[in-house]
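Okay, here's what each chain looks like letter by letter:
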Amino acid sequence: MELSNRNVTVYGAYGHTGRFVVAALRERGYVPVLSGRDPQKLAAMAGPHEVRPAAVDDPAALDRALAGSVAVVNSAGPFAATAGPVIEAALRAGIPYVDVAAEIEANADTFELYADRAKAAGVAVVPAMAFYGGLGDLLATAAMGDWTAADRVDVAYGLDSWHPTAGTRLSGDVSRQRRGGRRVRYAGGRLEYHDEAPSTARWSFPAGERDVVAGFSMADIVTVPSHLPVAEVRSYMTVEAARDVVAPDTPAPVAADPSGRSAQSFVVDVVVHRGAEQRRAAASGQDIYAVSAPLAVEAVDRVLTGRTRTVGVASAGATFDAPDFLATLGIAGVIDL
C-alpha cells in the first residue's frame, strides 16, 4: 500500500529515544515533523525538518503539531503527563498514536481511559511500543502460538548494564510517587501493589545462567495480560542492570558507534508456562533505547498500511502478527521447550 502522505509527528523528538525515532522514520522513507515542549531544543535539531512546539496543556498547539500528519509517535516522558493529551490530540485528528512508554501506571491508564473512545473512532492506539512492554509482549505472543491460555508468563531481562537517560529517571520518579513507594506485580489476574522486599534468583538465559532480581516489574505486566489469557506475569532483571538504574551516579548512555547506539547489550528471554509445558521466545541486541525506535516505526508502518488485527487501544501482540513482526526486524527466535 503506497502512502501519498508520509508526515509523522514525533512528540519529544529531541529526547534520547526521540532522536532514534526520527532517524528510523527517515530510514523508512517517512518525513518526521518535530514536536515537543521545548522550542529551543527543537530548533537546535531542526535541520531540514519542520518544527512545531507544543505544550501538553495547550490543545490548540497539539492540534497544530499533528495537523497534516498521518500518525504520531510520543517519545516524551513522563508519560503520565504526556500520553493523555497527545492521545486526545490524535483522536481529534483521527490518526494513529504510538508511544514508547515504560511507565506501568501510564500504560494502564491508556487502556482504561481510551479503549472505548479509540475503538469507536476507529483509531489505533498502541502504548508501550518499545523495548519494555512491546518487545516482551511480541515475544510472549509468538511463544504462546496456538495455545489459547497459559498459567504464567516469565519475562527475564539480561542487560549487561543500564545507563538511564534523564527521561528514564524522571519517569521512574513519577511512577514511584504514584505508587507511594510500593512495588507492583501482575498476579491472580490483576495488578497488585505490595511492600514485599525484592529477592534474587538465577535465570538460565540462552547464553548461560545469570543472577537476577525477581519481581522487577516492567510494562509487560500491563501489555501481556491485556490480550493473553494468563493469570500471572513475572519479571526479572539482571542484578547489574538493576543496580545501575537505581544508583544516583550512573551516567547517561554514551554513543559507541556512528548511529548513536551505546555499547550496552541485552537479551530478553520469555517463557510461557501451561501445566508442565513450556514455550520460549528470546531476542538479543544492542542498546535498549535504540531498539525502541525500529519497534515503534515498524508499528506505525504496519498501522498505516493496514497490517493490523484490531483498532482502538491494543498492545503490540494484539495489534500485529507477532512472529512476522519479529522476523521483519530480525531480533527474535522461538524455541519450544
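The rules behind each value
Residues numbered from 1 in each chain as written. Predicted model: local features only at pLDDT ≥ 70, side-chain atom pairs only at ≥ 80, totals over all residues. Heavy atoms only, no water. Helix = DSSP H or I, 4+ residues; strand = E, 2+ residues; numbered from the N terminus. Buried < 20%, exposed > 50% of the residue type's maximum accessible area, 1.4 Å probe, protein only. Contact = heavy atoms within 4.5 Å. Areas by Shrake-Rupley, 256 points an atom, 1.4 Å probe, with all protein chains shown as cover. Lys, Arg positive; Asp, Glu negative; His and termini not counted. Charge placed at Lys NZ, Arg CZ, Asp CG, Glu CD. 1 Å grid on protein atoms, 1.4 Å probe; cavity = no way out; pocket = protein on both sides within 12 Å on 5 of 7 lines; lining within 4 Å. Points joined across faces, edges and corners; volume = space filled by probe spheres on them. Nonpolar A, V, L, I, M, F, W, Y, C, P; charged D, E, K, R; others polar. Pairing = 2+ DSSP bridges. Expected span 1.5 Å × (residues − 1). Arc of directions from axis to C-beta. Salt bridge = Lys/Arg side-chain N within 4 Å of Asp/Glu carboxyl O. Axes fitted to C-alpha atoms, helices over the stretch in contact; angles between N-to-C directions. Parallel < 35°, antiparallel > 145°, perpendicular 65-115°, else oblique. Left-handed = near helix turned anticlockwise from the far one by under 90°. Core = buried A, V, L, I, M, F, W, Y, C linked by side-chain atoms within 4.5 Å.

A.B. asks: Give me the lowdown on the overall build of the protein, citing residues and values where you can.
C.D. replies: The secondary structure content of the protein amounts to 12 helices and 16 strands. Along the first, second and third principal axes, the C-alpha set of the protein runs to 55 × 45 × 40 Å. By residue count, 55% of the 337 residues in the protein fall in the buried class. Long-range contacts, defined here as pairs at least 24 residues apart, represent 71% of the contacts in the protein between residues at least 6 apart. Total accessible area on the protein stands at roughly 13700 Å², and carbon and sulfur atoms take up 51% of it. Side-chain charges of the protein comprise 31 positive and 39 negative groups, with the mean position of each set lying 1 Å from the other.

A.B. asks: Which residues make up the layout of surface pockets, and what values do they have?
C.D. replies: Each pocket or cavity is described by its volume, and for the largest pocket that value is around 1300 Å³. The wall of the largest pocket is formed by 49 residues, among which Trp162, Thr168, Arg169, Ser171 and Gly172 lie closest to the centre. In terms of residues, the lining of the largest pocket owes the most to one element, helix α7 (residues 166-179), which gives 11 residues. Of the residues contributing to the lining of the largest pocket, the split by class is 22 nonpolar, 17 polar and 10 charged. Approximately 420 Å³ is the volume attributed to the second largest pocket. Around the second largest pocket, the lining comprises 22 residues; the ones closest to its centre are Phe20, Arg261, Ala290, Ala293 and Pro294. For the lining of the second largest pocket, the secondary-structure elements that each account for two or more residues are α1 (16-27), β14 (277-286) and α10 (288-304). Per-class residue counts for the lining of the second largest pocket are 12 nonpolar, six polar and four charged.

A.B. asks: Provide a residue-level description of the pairing of strand β9 (residues 190-194), including the pertinent values.
C.D. replies: Summarising the sheet, strand β8 (residues 183-187) and β9 pair through five bridges and their orientation is antiparallel. Bridge pairing in β9 links Tyr186 to Leu191. The hairpin turn running from β8 into β9, its antiparallel successor, is two residues long, and Gly188 in that turn takes a positive phi close to 65 degrees.

A.B. asks: Describe in detail α7, supporting the description with residues and values.
C.D. replies: With 14 residues, α7 extends 20 Å between its outermost C-alpha atoms, agreeing within 8% with the 20 Å of an ideal straight helix rising 1.5 Å per residue. Along α7, the residues classified as buried are Ser171, Gly172, Val174, Ser175 and Arg179. The arc that holds every buried residue of α7, seen down its axis, measures 165 degrees, which confines them to one face. Projecting away from the buried face of α7 at angles above 90 degrees are the exposed residues Ala166 and Gln177. Looking at the buried positions of α7, the neighbouring elements they touch are α4 (79-93), α5 (104-121), β8 and β9. Just downstream of α7 lies Gly180, where phi reads positive at about 65 degrees.

A.B. asks: Quick one: what's the story with α1, residue by residue and with numbers?
C.D. replies: With 12 residues, α1 should cover 16 Å at 1.5 Å per step; its first-to-last C-alpha distance of 17 Å lies within 8% of that length. Within the span of α1, buried status applies to Thr17, Gly18, Phe20, Val21, Val22, Ala24 and Leu25. Contacts from the buried residues of α1 go to β1 (7-11), β2 (31-36), α2 (39-45), β4 (71-74) and α10. Where α1 terminates, the next one or two residues include Gly29, which has phi positive at roughly 85 degrees.

A.B. asks: Residues and numbers for the pattern of salt bridges, please.
C.D. replies: As enumerated under the stated definition, the model contains 25 salt bridges in all. Two residues, Glu298 and Arg28, come together in a salt bridge whose shortest N-O distance is 2.8 Å. Remark: Arg28 occurs in the loop between α1 and β2 and Glu298 occurs in helix α10; sequence separation between them is 270 residues. Overall, the relative accessible area of 1% leaves Glu298 in the buried class. In this structure, Glu232 engages Arg234 in a salt bridge whose closest nitrogen and oxygen atoms are separated by 2.8 Å. Classification of Glu232 as partly exposed rests on a relative accessible area of 24%. Within this structure, Arg28, Glu298, Asp301, Arg302, Arg307 and Asp324 form a network of salt bridges that share partners.

A.B. asks: Which residues make up the packing of α1 against α10, and what are the values?
C.D. replies: At a minimum axis separation of 8 Å, α1 and α10 run at an interaxial angle of 45 degrees. On the basis of their axis angle, the class for α1 and α10 is oblique. In the crossing of α1 with α10, the sense of the turn from one axis to the other is right-handed. Across the interface between the two elements, His16, Thr17, Phe20, Val21, Ala24 and Leu25 from α1 touch Tyr289, Ala290, Ser292, Ala293, Pro294 and Val297 from α10.

A.B. asks: Residue-level account of the nonpolar core, with values.
C.D. replies: As a rule of thumb, soluble globular proteins bury nonpolar side chains together. Ranked by size, the top nonpolar core spans 105 residues in total, and within it Met129, Phe131, Leu135, Leu159 and Trp162 carry the most contacts. The element best represented in this core is α10, accounting for 12 residues. Ignoring sequence-local partners within four residues, the contact set of Trp162 consists of Tyr132, Thr168, Phe216, Met218, Met237, Ala241, Asp244, Val245, Thr250, Gln264, Ile288 and Tyr289. If you look at the next biggest cluster of nonpolar residues, it comprises eight residues, including Ala156, Trp203, Tyr236 and Val271.

Keep in mind these numbers describe shape, not what the thing actually does.
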